[in-house]
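Listed below, chain by chain, are the residues.
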Amino acid sequence: MRKKVSASQDIQPENTGEQVAAGTEGSSPAAVPSEVTEARAKVAALEAELSVQKEQIDKLRDELLRRAADFENFRKVKEREAMAAGTKALENTIRELLPFVDDIKRVLLNAPRILEITAEAKPYVDGVELLKRNFDNWLAGKGVTEIRSIGMKLDVAYHEAISMVEMPDAEPETIVEEYQTGYLLGERVIRHARVIVAR
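Nothing here was measured: the structure is a model prediction, and the numbers come from that model.

Caption draft 1: Region of interest: the overall build of the protein chain. A tally of helices and strands in the protein chain yields three helices and six strands. When the helices and strands of the protein chain are listed from N to C terminus, the series reads α-α-α-β-β-β-β-β-β. Residues counted as buried form 16% of the 199 residues belonging to the protein chain. In the protein chain, once contacts between residues fewer than 6 apart in sequence are set aside, the share between residues at least 24 apart is 64%. Counting every atom, the protein chain has about 15600 Å² of accessible surface; 58% of that belongs to carbon and sulfur.

Caption draft 2: Expanded view of the nonpolar core. Judged by nonpolar contacts, Ile94, Leu98, Val101, Ile104, Phe135, Leu139, Val144, Tyr183, Leu185 and Ile190 together constitute the single largest core of ten residues. Among the secondary structure elements, those contributing two or more residues to this core are helix H1 (16-109), helix H3 (122-141) and strand E4 (183-185). Contacts of Ile94, omitting those with residues within four sequence positions, involve Trp138, Leu139, Lys142, Val144, Leu185 and Ile190.

Caption draft 3: Structural detail: the sheet that holds strand E1 (residues 144-146). In space, the three strands of this open sheet follow the order E1-E4-E5, with antiparallel pairing throughout. If you trace the sheet from one side to the other, it starts and ends with E1 and strand E5 (188-191), each paired once. Geometrically, the sheet is characterised by an average inter-axis angle of 35° between neighbouring strands, direction not taken into account.

About the cut-offs
Residues numbered from 1 in each chain as written. Predicted model: local features only at pLDDT ≥ 70, side-chain atom pairs only at ≥ 80, totals over all residues. Heavy atoms only, no water. Helix = DSSP H or I, 4+ residues; strand = E, 2+ residues; numbered from the N terminus. Buried < 20%, exposed > 50% of the residue type's maximum accessible area, 1.4 Å probe, protein only. Contact = heavy atoms within 4.5 Å. Areas by Shrake-Rupley, 256 points an atom, 1.4 Å probe, with all protein chains shown as cover. Core = buried A, V, L, I, M, F, W, Y, C linked by side-chain atoms within 4.5 Å. Pairing = 2+ DSSP bridges. Axes fitted to C-alpha atoms, helices over the stretch in contact; angles between N-to-C directions.

This is how it looks when you write it as structure tokens:
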């Protein structure tokens, strides 16, 4: 039996689902480009921001490296200044002590004559010899060495000639006598040797 369809009822075609699907497909192509454009704009904005941030990071890194290099240079300068100040203080101390070393040497040069006069002076001479050994050890520990003079050619970098004498057996400008011992601190002269030279 056939159904009667009233005039008030709408007649729907059988392929209604297909048309709806087609309508949906038809409307999406217009929506997709808009979303893609929006996404691309966001990506471009993020890339631009990332580029700015990278530039900022590079600037900060360069600044940090410069500051680190400046600090390292400053530290090295201060270390050199501290070492120079320490060396200068040690040099001054040694210069002040050298006259005492000279006096001890003079005492020991006269010791044989003193011992000839009285044998009771021997303990005192031994004490002075011990004092000289202690001074020599202390000076050596600080890097102080005596400047060689007798028999050497006069070298104004190390020697100061205070007199010239006729010495037929010696070559001219050869040191024949040392009046005062000179000293080096490392390679630096802290006191020139005062010497007598052959003419």
